[in-house]
Amino acid sequence: MNNQESNSTTSALPAMYAWKRVKVVLFACLILSILMKMTWSAWWITIFVRLVMIAMMQLTVFGLFERWPKRLPGWMARWVLQIAAVAIVVPFAAAIAYTLTTLGDPVPWYETKSKLSGFGEMIGAGLLFSPWIAMSALYRHINDQAQRQALSFELERSEFARDALDSRLRLLQAQVEPHFLFNTLANVRELVDSQSDQASQVLNSLIAYLRAAVPNLNNAATTLGQELELVRAYLELMHMRMPDRMQFSIKVDEAALKVQCPPMTLLTLVENAVRHGIDPSEEGGEINVTVQIKGERCIAQVSDTGIGLGVNQGGQGSKGLGTGLANLRERLQLLFSNQAHLSLTSLEPHGFLAEIDFPTQMQAATTISSKGA
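Here the structure is a predicted model, which is why all the values come from computation and not from measurement.

J.: Looking at this structure, how should I read the nonpolar core?
T.: Side chains that are nonpolar tend, in soluble globular proteins, to be buried together. Core analysis: the biggest nonpolar cluster contains 48 residues, and Leu 224, Leu 235, Met 246, Ile 287, Val 289 and Phe 358 have the highest contact counts within it. The biggest single contributor to this core is helix H7 (residues 224-241), with eight residues. Met 246 has contacts with Leu 235, Met 238, His 239, Val 274, Ile 278, Gly 285 and Ile 287, leaving out every residue within four places of it along the chain. Of all hydrophobic cores here, the second largest spans 24 residues; its members include Cys 29, Leu 32, Val 90 and Ala 125.

Structure, rendered in structure tokens:
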């Protein structure tokens, strides 16, 4: 306990004699000594030294009562105690200053009329100016504390907002994961129920896909390169399920492979195209995935030639857009604010186009393409 009190006292000393406070004291003493010299016969340096000694004693008392006692009665404000202490110490500080600056004089200062008069004037000046200077210091101190507290509150608010955003993203991702997995497992069940010869092969592909996909589902962000690997695996899986009804192509700028994006961004669009575009169509169709870099923007498009938005979804404003697209739009809003956009468009004569436009610093490069069988 004694060590803690010693450390507290040691750390309080630099704050008590902070340069800002000492600078104000020296400036005030300089101005006051110049004014006094106009009517005094003493040397200016003597007047200045005496004023500085008085002011430093006042500063010591001001800083002492700033921290002691630690607790005050409810009816007493600390600033009142500090102002009173600064005023009370003036006569004693002036007496000490006069005694130290007249040590070599044959006659004590308090027996010399001129010095005794100057002593009274210094007490009057100290009582007149020092409380106002102390009030000014208190105001600056309170203002600095208010600013630091405001900054602290703003920092806490930002941390709470970030935690809330992270929680919201985790909740949305938790909704997306079962949505996608259950849809995929339902497709495998259809093959098993129909006793298709491809059921075993599709199941093996699904297992391989899930081994690659599941570890990344809970990540805050992934790259388009990783996302496209999952998209390709998923489309190949769906192509094995309906080889005569679904074709696909993937075209992506090489520079886009390292661009950061939320997990399952493209996969959600592709899965939506298969489930709501190709699967319900008797003729099937083709799914085209395109990713381009345009300046500092990344444009990702997933289009299909399925039955189209109007037939299957009941219009763009319908609730039939599904959990996947709704959650994707909210995740993009949370992560990119107004910098990312998800647009949904009907194609003629039939089909559907989903486009995501979000910021990136990557530059466009050569194009890699692949075509489904």
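The structure having been displayed, the exposition proceeds.
J.: Help me out: how do you make sense of the pattern of salt bridges in this one?
T.: When their charged atoms lie close together, side chains carrying opposite charge are able to pair. In this structure the tally under the stated criterion is two salt bridges. Between Lys 115 and Asp 105 there is a salt bridge; the shortest N-O distance is 2.2 Å. Remark: Asp 105 occurs in the loop between helix H4 (78-101) and helix H5 (113-193) and Lys 115 occurs in helix H5; sequence separation between them is ten residues. Among the ionic pairs, Asp 357 bridges to Arg 297, the shortest N-O distance being 2.9 Å. With Asp 357 in strand E7 (residues 352-359) and Arg 297 in strand E5 (residues 297-304), this residue pair connects regions lying 60 residues apart in the sequence.

J.: What am I meant to see in the packing of aromatic side chains here?
T.: Counting across every chain of the model gives six aromatic pairs. Both rings, one in Trp 44 and one in Phe 48, keep their centres 5.4 Å apart while their planes meet at 15°; by these two values the pair is stacked. Placement of both Trp 44 and Phe 48 in helix H3 (residues 44-67) is noted, with a separation of four residues, approximately one turn of the helix. Given the relative accessible area of 33%, Trp 44 is considered partly exposed. Assessed through its relative accessible area of 17%, Phe 48 is described here as buried. Taken together, the ring pairs connect Tyr 98, Trp 109, Tyr 110 and Phe 119 into an aromatic cluster. When the ring centre of Tyr 98 is taken as origin, the NZ or CZ atom of Arg 50, which lies over that ring, is 4.0 Å away.

Criteria and cut-off values
Residues numbered from 1 in each chain as written. Predicted model: local features only at pLDDT ≥ 70, side-chain atom pairs only at ≥ 80, totals over all residues. Heavy atoms only, no water. Core = buried A, V, L, I, M, F, W, Y, C linked by side-chain atoms within 4.5 Å. Buried < 20%, exposed > 50% of the residue type's maximum accessible area, 1.4 Å probe, protein only. Helix = DSSP H or I, 4+ residues; strand = E, 2+ residues; numbered from the N terminus. Contact = heavy atoms within 4.5 Å. Salt bridge = Lys/Arg side-chain N within 4 Å of Asp/Glu carboxyl O. Phe/Tyr/Trp six-rings, centres within 6.5 Å; stacked < 30°, edge-to-face > 60°. Lys NZ or Arg CZ within 6 Å of the ring centre and 35° of its normal.

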